[in-house]
Structures are given as structure tokens and as C-alpha cells.
Amino acid sequence: MSDKYDFRAIEEKWQKRWEDQQQFAAIEEAGKKKFYMLEMLPYPSGALHMGHVRNYSLGDSIARFRKLQGYNVLHPIGWDAFGLPAENAAIKNKIAPEEWTLANISQMKAQCIQMGFAYDWNREIASCLPDYYRWNQWFFLKMFEKGLAYKKKGQVNWCNQCQTVLANEQVVNGGCWRDDSPVEVKEFEQWYLRISDYADELLEALDGLEAWPEKVRTMQRNWIGKSIGTRVEFKLEDGTPLEIFTTRVDTIYGATFVVLAPEHELVRSWTDDPEHGPQLAEFAEQVRRVDKIQRTDEAAEKLGVFTGRYAINPYNGERVPVWIANFVLMDYGTGAIMAVPAHDQRDFEFASKYGIPIRQVILPADGTEGDVQDAAFTEYGVLANSGAFSGLGSAEAQAKMTTHAEEQGFGSKSISYRLKDWGISRQRYWGTPIPIIHCPECGSVPVPEADLPVKLPRVEGLSLGGSPLEQVESFVKTTCPGCGGTARRETDTMDTFIDSSWYFYRYADARNEGAPFDGEKIDYWFPVDIYIGGVEHAVMHLIYMRFFTKVMRDLGLVKLDEPVHSLFTQGMVIKDGSKMSKSKGNVVAPDLIVERYGADALRLFIQFCAPPDGELDWIDSGLEGCYRFLNRYWRFVDRYLPLISEHAGTVGDLTDRGRALQRKLHQTIPKVATDIERVHQNTAVAAIMEFLNAAYDYVDKEEQPDPGLLGEVVRSLTLMLYPFCPHVSEEVWERLGNGDSIALARWPEFDVELAREDELEIVVQVNGKVRGRFSAPVGVSREAMEKLALEDEKVQSWIEGKTVRKVIAVPGKLVNIVVSG
RNA sequence: GCGAGAGUGGCGGAAUUGGCAGACGCGCUGGAUUUAGGAUCCAGUACCGCAAGGUGUGGGGGUUCGAGUCCCCCCUCUCGCACCA
């Protein structure tokens, strides 16, 4: 036979058989323990890339492993099929987005099958199909009913490249998450989901997500950005109230000015003012023109203009000037601040620049005087020059001063969040139509549930600019469900993150035509046991999906508070020091690898070559090593198959070498299992390789290898390899004479007794350095160990003529002899 | 700046609880086999040293019989957040 196994024939054979047998179809079975293995669904860009292969190989090895352990496994996949690339491709290549997307899906599905991923294809979903997106619309209507979906005119993030609005979460470093282009601020009327209603719960519940990476939880905490402070109402000289938010009300006696965001509504009414109006208008316009990247750059110079107005500090009645400045943001707090240059670095810089007084009101707690002439003193301390509050500590003062404001009616305790409502309107075509009808009489009227789905019409000749649906007269023109009069449909489509916020629920009941899913099926499969994907969705998808779950719970649809038990974020695949990308020309196409080395070798390598949560540096020669390993495994099986088949039976009396191999086997089985459970596939694979090496060592050195033992070795090895390399494992399993698929077999049992070493090697140290070793039986006493150690010849030469001060013996491990002199 | 994580051979990386540092793989060296190449197999491979031995987990200090692992200080890198009042 050839010294290489025929992976092409084997992989094709088993892929076909798996499909014929519907082997991965999941069926709810009450009473049977379930395992829901979920991976982030891909965008159907046209071809699977190495990042997908890594993500899905990890998920697949877990799914297959759990199946061997007897779990009822749900392992589904689908397509995040709406989105801009399809639409852009359509504009560029004059092909309908639907055709483009569906063609990509079928290509990528074929690639998934080629990789041997064990998906239940009966549950496949594609978010661009009406039987999926109608439920997006349905959820939207439910939220509309509850007041959780609403329309508002406000400032939004506009990506010029994408020609659409973006949610706050989708603005990364001031740029678009998709293409990095700078985001502009525009005024737009659009639809929002009231995620901020859930800010507190989303934050609090993070503590309970113990099986989520700390990193993701921290990112979400930062994103929600809860800060507790005080709202204080200043009054302008004409009596107009001006509310500010501060977390440091204890410093308010040091407020020497007040600053508004240039977008603040009071500013608009002041631009008519003949003296200061022109400068105000010009400055506001200037700030507006600067894109978000520059605006939010901390290094950017703090600029401002005096408004010509004054406000009264309600605590001390002091009259302070009102400014507008670029560093105050309209969308945080009240869009207005009291500025305390002595105790806030930003205010300090601003005051220094414009010659505003700096007044110290907090003294360091250590009793020193402190100095606020060179920089602000921002720590907590003791109040001074603060009226009745002087002498109090900052924390106590905050509480008392807030209470004071409440009693006097000019302020209250207040909590601000960085998290804003989720803007979901998109001015593009390839997405879920928002099921709303605008009627001149009745206003925004929801489409009746019975009329769902509102289907996306086909549009010929898509182009950029404007909302494409607006051009489709037959779509826009409709009648009002309320009054029957002529009305217009909403032409914005939904953010595609809506699609991915609940897709994993749909998997539990993917073909349900009467509801998004049946709650009982959710009860059975949920929560997701492990969710694997990239960390880049930490504050987008992963926060939206949590929000949706809480809304669905409040709608009585599910009983869960959180959808995902354990989250695992896999690392990036890089090559030559940077992320694989077309522009860098360092892309390795999975297809070509599969063609040359087979899917099993690729799956093995991508899981072996780096810890799953770290970066994976692609090295071709590493892959070849894995391919070599599979051939080595194959040759071993090939060589001993006749012997094993001939002597079908139990393990005979073993030689020491045989015992050693058997012991190694029974140590490897639990090692591989716990490694997969911990998502340490790299060390699981290493242990399997190590075991094969031991098996070769045995047959090389043993004159008559025990056929029973070899049988056990090959069977167990094959089962352990199955989660990683299912095709070759199936093939070997069949050759071993098993009629059924290996997937129906059970993870090998291991025997603690057989795994136990009967001789231990004890290391002897002298002053902490290894000087000798001896073997001792299991359970050797401390005293015996010390005695044996001191008797050791090599050790003797090290302690000769010295005084033994102390002997430390660690049972079964080592003896350390401390000497001096 | 703040927060999190990391720093181990030529390389990717191992090392449940403090107890033999470098598993496994790549690469490299030598050998066997082969007409040759490839493939395969065997041996070796942290560093210095002929050896005995010594030195080694970013640097410095500490705790301990014993530290990659724990504590303190510093350096470097990666990621996230970043005018949030």
C-alpha cells in the first residue's frame, strides 16, 4: 500500500454517508442531557476563510466530543445574510443582492461540508429570507407595542462610505466598524430600541456571567458606563434653568464657570444675540464640521467661546460665566457641566487657556495644603471654602450636598449611562423592512401582524445615495391599516445586528411557521452551553443578544435572563505578523489546503498549533507536521489491523512495556477529555501525538506485541482523534469491524487503577538542586523516602562532610536535603 | 493616561494546587534506507563547557527548604477604553 492515506476518497465517502444518514440531525428528547454548541454565524462573503475554519473546527471538536460523551448535541449553523457587501456587490456587478448572497451561501455551505463540520443542516437559517426576517418584524412590532421601539429625531452617526446611519456601538475609534472611514454627525429621524431601559440589568448581570472572559465583561461594563452623581439646576440671570450633571458635587464651591455643549438647545436661542450670537453660531458650526475621530481625541485642543451669559450657582449664589466648548458632549449627562478647574484636569486646561480663575476647595486628605496651580488635584480629600460643608470628606460631602439639593429643590441624585438607545434605521436596501406605515391622519402605524412579512421588493438597478426603497413606488404606496386612507411605508431597513440578536433561538425551532419558536424547545436546549466567536463583537452583537433575551423574557417568550452560559473568544489567524487580508496578500485559502492535505489535517493543525484563545500564526510546515502525524497513525493501524482482527479479544498478560503503554493510554484518555472541556485543544492534540509515539515505541521494542492491547490502543486512539479528524477516524473505525458510525460509539472508559503508576521516580535535591533520583513503590512513606534519599550514592557525595540541617520530603515526588558547611 | 492580558529554546508553544523547566510540533544536525530526490525510520538538539559542572522562564529585589508559578518595583509588547463631567 501507499505510505500516504487516501484522504480524498475517505473524506468524500464519509461526508456523503453523514449526509445520507442525517447523522447530525438533533432531536429533542426529554430526559436526555443536552449540549448546545453554538458558533457565531458567518456573513456569506463568498468563501470560508481561516478565521471561520478555526472558529468552526473548535466548535466541531467540542460538539463531536460531547456526542461521544452521550449528550444530545445541538450544533447548528446559518447565515448572517443581510448587509452591505451584498448591496455593494450588486451595485458594482449588476447582480441582485439576493442572487449574490444565495450563491455565496451555497458555496460556503459546500465548503463547510468539505471541512466535515457536523451541523444539523435541517436547522439552517438565512436571515435574508422572509421566513426568517418576518420574525424580526414581529419582534419589532412587539417592542413597538411595549414602547421599546420608538422614532426620534436626533444626532446620528453617518458613514459616508456606507451611505447610512450607524449605531453608537458600530462606531469604533470615531470611524465606521466596517470600513474605518470617519463618521459624521447628522440630524436624522430614525427608529431606536430602548436598550437603555435595560442598562442596569445588562450591567448587573455581567457579574453572574462567570464563564465569560473577564475581558468581554469589562468591555461591556465600560460600554454601559454607569456613573452615579448629582444633577444640579443652575439658573441663568433671566431665570432660565440650566441643568448640569456632575460626579463631584463636593467640588461645586470651586466652580468658576459653566460649559455647554455647542449643540445644547439653549445655545440655539442665543445665536440671534447681536453681541455674542455670531461667534456662538460660528463656533458651533465649526465643531459640528469636525468628525468624531478628531472630536473625541483627547489630545485635541480644548476650544471654547464665552456666551455673554451668567449662571447662578445654587449652593453659594455665585454668578459664573457660561461658555460653550468642544470638549463637552451633548449626548452625555445633560450636555452641560459645571467647571471646576482646581479639581478637574480638563477644566484646568480650559481655565488656564482662557484666564478663568482657579479656586481650590478640596485639600488632600493627608493634611498637606496641596497645589492646584500646575495641575488639577482630582483625588478625594477634605472640603474647604465650601460653606457649611467645609471640613467634610469628599464622599460624605457628596451625600450631604445631594440631600441638600433635594431638600432645596434644585437638584437630585442621578445616574448617567454612556449606553444610548440602539439606533436601528438604515438607509439601505438589503435588510429587513421596518414594518411601519406612515399615515397623514394616524401617524406611524404598525403593520398588522397578519400582514407580515413585509417583503423586501426586488429592485432593479440599485445605486448609492438615498434610501433605495423610496424609489419603489409599489412598495411605498399603501393604505393605512387604521383609517384605510392613502399612506406610505417606512423605507428604512433594520440594522443587521437585529438578525443576529436572536438567531440562536430560531435554531431551536427553525421551521416554525406560526411563531419565532416554540418556548418548550427553548426550555429544552437553552442556555447555549458554549458560544465561540471573535472578540470583535464584545460590545455589539454580544450586548444586543443579551438585550434581546431580556426583552423576550419580559414578553413572556423565554424564561431565561441570559442566553449563553459560557463564552469563548478565539484568537485571530495571522500570517507573517499581520491579520490575513487580501490587501496584504497573505491569505491562505482553506480550499487549497484541503485539496492538498485534506480537511482532517487542516482541522488538526488549526487546533494544535496555538492555544485557541491566542493568536494563531499560520506556518505551512506546521501543517505538514500534522499531515505527517495522520499518516503515521494510518500506517500504525494498517500494520496491526490484521493482528488485531485475528486475535479479537481481551488484553493478555502484559510485559512491563505493555503495562507502561496501557498505563499511558489510561492517563491520556482523561487528559484529552478535560483538555477539550477546557477548550485547550492544542494540548489535547499534543497528548494524542505523545500517545501514538508511545505506541510506536512499544511495538518497536516489544518482540511480540499483545494483540489485545493493540486493539485497545487503536480503538481508543481512534475515538480520541475523532473530534479533531472525524473522516479518517470513521474510516479506521469501520476497518476495525464496527458496523455503526463512530459517532454512535462512546468516549473510551478509563480505569484509574490501570492509570496509576506502580513505581514512582523520586527526585533528590540537595539545597534545591537535583542531585539524584531513585524509584520507590506507590505509597512509600515519608520516612522511607528520606532514608532512601540519604543512602543514594550520588547524593552522598554531595552531602559528605556537610551538616544536614533539614530534610523535606514531598510524598511521591521529591526529597530536598538542606545542608550547610 | 486608565483597564486587562502577555513576556519561557532558532520558531509555535507545554508545565491542575509553588516541587525534575522546555511536553507536543516545526526547524536544524548526524545516521539508516534509496540510482537519485522525495517519503520513512533511528539518534541528537536551551545555553556555556572536552568533562566534572555551571547558567537559564524580560530586568531588579523579596517570601520559601524549593519560584516560570506568590509579593514589590521597573522595562517591553498586545488588546480594549479614552475629553463620559
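That block above? That's the structure.
Thresholds applied
Residues numbered from 1 in each chain as written. Chains lettered and ligands numbered in written order. Predicted model: local features only at pLDDT ≥ 70, side-chain atom pairs only at ≥ 80, totals over all residues. Heavy atoms only, no water. Core = buried A, V, L, I, M, F, W, Y, C linked by side-chain atoms within 4.5 Å. Buried < 20%, exposed > 50% of the residue type's maximum accessible area, 1.4 Å probe, protein only. Helix = DSSP H or I, 4+ residues; strand = E, 2+ residues; numbered from the N terminus. Pairing = 2+ DSSP bridges. Axes fitted to C-alpha atoms, helices over the stretch in contact; angles between N-to-C directions. Contact = heavy atoms within 4.5 Å. Expected span 1.5 Å × (residues − 1). Phe/Tyr/Trp six-rings, centres within 6.5 Å; stacked < 30°, edge-to-face > 60°. Lys NZ or Arg CZ within 6 Å of the ring centre and 35° of its normal.

> Describe the nonpolar core, naming the residues involved and giving the relevant values.
If you look at the biggest cluster of nonpolar residues, it comprises 189 residues, and the most contacted ones within it are Trp-422 and Trp-618. Per-element tally for this core: the top contributor is helix 19 (residues 620-646), with 12 residues. Counting residues in each nonpolar core, the second largest holds 38 residues, with Val-249, Leu-280, Ala-342 and Ala-405 among its members.

> Could you give an account of the sheet that holds strand 1 (residues 34-39), with specific residues and numbers?
The strand order across the open sheet built from four strands is 2-1-26-27, with neighbouring strands paired in parallel fashion. The sheet terminates laterally at strand 2 (72-74) and strand 27 (564-569), the two strands that pair on one side only. Averaged over all pairs of adjacent strands, the angle between strand axes in this sheet comes to 20 degrees, irrespective of strand direction. Packed on one face of the sheet, helix 2 (residues 50-68) meets strand 1, strand 2 and strand 26 (528-533) and runs near 170 degrees to strand 1.

> Outline unusual backbone geometry, listing residues and values.
Going from Leu-452 to Pro-453, the amide bond is cis rather than trans, its omega being -5 degrees. Relative to the helices and strands, Pro-453 is located in the loop between strand 22 (443-446) and helix 13 (473-476). Of note in the backbone geometry, Asn-767 takes a positive phi value of approximately 50 degrees without being a glycine. Here Asn-767 is to be found in the loop between strand 31 (759-766) and strand 32 (769-777).

> Account for helix 20 (residues 656-677), naming residues and giving values.
With 22 residues, helix 20 ought to run about 32 Å at 1.5 Å a step, and its terminal C-alpha atoms sit 32 Å apart, in line with that. Where the residues of helix 20 are buried, they touch helix 2, helix 21 (681-701), helix 22 (707-721) and helix 24 (752-755). Just past helix 20, the residue Val-679 takes up positive phi, approximately 60 degrees.

> I'd like to hear about the pairing of strand 5 (residues 149-159), residue by residue, with values.
Both strand 5 and strand 9 (residues 183-193) contribute to a ladder of 11 bridges, which runs antiparallel. What sits directly across from Trp-158, in strand 9, is Glu-184. What sits between strand 5 and strand 6 (residues 164-166) in their antiparallel hairpin is a turn of four residues, with Gln-163 showing a positive phi close to 55 degrees.

> Please set out the packing of aromatic side chains residue by residue, giving values where relevant.
Counted according to the given criterion, the structure contains 53 aromatic pairs. Measuring from centroid to centroid gives 5.0 Å for Phe-605 and Trp-618, while their planes differ by 90 degrees, and the two rings are edge-to-face. With Phe-605 in helix 18 (residues 599-608) and Trp-618 in the loop between strand 30 (616-617) and helix 19, this residue pair connects regions lying 13 residues apart in the sequence. Residue classification places Phe-605 among the buried positions, given a relative accessible area of 2%. For Trp-618, a relative accessible area of 2% gives the class buried. Counting every residue linked through ring pairs, the aromatic cluster contains Tyr-132, Trp-135, Trp-138, Phe-139, Trp-177, Tyr-198, Trp-422, Phe-497, Trp-502, Tyr-544, Phe-547 and Phe-548. The ring of Phe-475 carries the charged tip of Arg-489 above its face, separated from the ring centre by 5.7 Å. We note Arg-771 situated over the ring of Trp-798; from NZ or CZ to the ring centre the distance is 3.4 Å.

> If you had to explain the pairing of strand 34 (residues 814-820) to someone new, which residues and values would you point to?
With four bridges joining them, strand 31 and strand 34 adopt parallel strand pairing. Each bridged residue has a counterpart across the sheet, and for Val-763 the counterpart in strand 34 is Leu-814. Relative to strand 34, strand 33 (residues 803-810) runs antiparallel, the two sharing seven bridges. Bridge pairing links Val-810 to Leu-814 in strand 34. Counted along the chain from strand 33 to the antiparallel partner strand 34, the turn is three residues long, and its residue Gly-812 has a positive phi close to 75 degrees.

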